[in-house]
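# Analysis of the macromolecular model
These are the residues of each chain, in order.
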Amino acid sequence: MPAPTHGAVVVGVGSSAEDLQLVRTAAGEAAAHDRPLHLLHAFNWAAALESFSVSGPRAAAEDLLEKAARVAAEAAPAVPVTDEIVEGDPIEALVRASDSAFLLAVGDGGVAGCPSCVPANAPSVQLAARAGCPVLVGRAEPPPQGPLLVGFDGSESSRATLAYALDCAEGRGARLLAIRVLEPDEHPDGDDGLLDEAVARYGSRHPRVAVECHTIRGDPGAVLVEQSRSAQVALVGARGDEPLRGMLGAVSQTLLYHSPAPVIVVRGLDPDDEDGP
């Protein structure tokens, strides 16, 4: 049933078994934020025309979405679910959908299971770099029921990420672990309390969320990947001190490649939006 994606959690549904875990994760996000869930599958007409019957691949796509809808209903019974089959390239279809979505959810394509891989052309990486809204990159295995993890470096991008993470934590009824990582030779110049001040500012909108703050020295990507091992989701800004659309910073890429937890790359948000995410 085609439907507008405005304000929905949009999930890209492919044919792999991992995509069903992604649907469960996305349904949980939709429930936490009181948003509808929109299942989107891009249909490759060129491949269909090469098959014996066009109706075969089309029917398989419809069956796939029906199965995904059942999985979503089991995971989050109260969440309204719509679905849509579109023609064309999956990445372009999802980028278009992201312009009116609340959150875009995609699978990682096995990236996290390949420690030596850094495929910049992976669909999940391209979408995290190009989408007009926050992007959830799921994993094949369900995460532990730990805290939410958010990285903070003081930039506007990380402030928006912190504000969004607080909203996510409140919706999930979870605690938030906020980490600021200083390089070994970095001198904060009197801003030792920068993270605590930001949490106090944005946390006032979410007084029920318990927040644990830590400032740690080390490599930012390595520290956050290690901390993510016990997190139910890791959140990071698309790019710290240069929040340019269409680009990913080194830390966000490191988490996308190596975090065992689902990762939300936050972009397209204003940290001081009083209406919240």
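Residues numbered from 1 in each chain as written. Predicted model: local features only at pLDDT ≥ 70, side-chain atom pairs only at ≥ 80, totals over all residues. Heavy atoms only, no water.

The protein is annotated in an unreviewed UniProt entry as Universal stress protein from Micromonospora halotolerans.

### What to know about the overall build of the protein
On a plain count of helices and strands, the protein comes out with nine helices and ten strands. In the protein, which comprises 277 residues, the proportion classed as buried is 49%. Sequence-distant contacts in the protein: of pairs separated by 6 or more residues, those separated by 24 or more amount to 80%. Per element, the accessible surface of the protein, about 12,600 Å² overall, is 52% carbon and sulfur. (Helix = DSSP H or I, 4+ residues; strand = E, 2+ residues; numbered from the N terminus. Buried < 20%, exposed > 50% of the residue type's maximum accessible area, 1.4 Å probe, protein only. Contact = heavy atoms within 4.5 Å. Areas by Shrake-Rupley, 256 points an atom, 1.4 Å probe, with all protein chains shown as cover.)

### Focus: the packing of aromatic side chains
The final tally for this structure, using the stated rule, is one aromatic pair. Relative to Y164, the ring of F102 lies with its centre 6.1 Å away and its plane at 35°, an arrangement referred to as tilted. Here Y164 lies in helix α6 (residues 156-172) and F102 lies in the loop between α4 (90-98) and β4 (103-107), a separation of 62 residues in the sequence. Taken individually, F102 and Y164 each receive the classification buried, so the pair is uniform in this respect. (Phe/Tyr/Trp six-rings, centres within 6.5 Å; stacked < 30°, edge-to-face > 60°.)

### With respect to the side chain of S124
When you line up the elements, S124 lands in helix α5 (residues 123-130). Classification of S124 as buried rests on a relative accessible area of 4%. Each residue touching S124, except ones within four places of it in the same chain, is listed here: V106, G107, D108, V111 and V137.

### Quick notes on unusual backbone geometry
Even without a glycine there, the phi angle at D34 is positive, about 55°. The class of D34 is exposed, set by a relative accessible area of 71%.

### A short note on the packing of helix α8 (residues 220-228) against helix α9 (residues 250-258)
Interhelical geometry of α8 versus α9 gives an angle of 40° and a closest axis separation of 9 Å. The interaxial crossing formed by α8 with α9 has right-handed handedness. Touching P220, G221, L224 and V225 of α8 are V251, T254, L255 and H258, all from α9. Of the residues that constitute the contact of α8 with α9, the class distribution is five nonpolar, three polar and no charged. (Axes fitted to C-alpha atoms, helices over the stretch in contact; angles between N-to-C directions. Left-handed = near helix turned anticlockwise from the far one by under 90°. Nonpolar A, V, L, I, M, F, W, Y, C, P; charged D, E, K, R; others polar.)

### A word on the environment of S228
You can see S228 is positioned in helix α8. Each C-alpha atom of the pair S228 and L177 lies 9.9 Å from the other, and the pair is 51 residues apart in sequence. Leaving out residues up to four positions away in the same chain, S228 has contacts with L149, A234, S259, P260 and A261. Within polar-contact distance, the side chain of S228 engages the side chain of S259 at 3.0 Å. (Polar contact = N/O pair within 3.5 Å; in protein donor to acceptor, adjacent residues only side chain to side chain.)

### Concerning the side chain of S252
Residue placement: S252 occurs in helix α9. Residues in contact with S252, not counting those within four places in the same chain, are V236, G237 and A238.

### Some remarks on the environment of G249
Following the sequence through the fold, G249 ends up in the loop between β9 (233-237) and α9. In this view, G249 contacts A238 and R239; residues no more than four positions away in its chain are not counted.

### Side note on a negative patch on the surface
Taken together, the side chains of D153, E183, D185, E186 and D219 make up a negatively charged region of the molecular surface. Looking at the element boundaries, E186 is found in the loop between β7 (176-182) and α7 (194-203). (Patch = residues over 30% accessible without salt bridge, like charges linked within 9 Å, V, L, I, M, F, W, Y side chains within 5 Å. Salt bridge = Lys/Arg side-chain N within 4 Å of Asp/Glu carboxyl O. Lys, Arg positive; Asp, Glu negative; His and termini not counted. Charge placed at Lys NZ, Arg CZ, Asp CG, Glu CD.)

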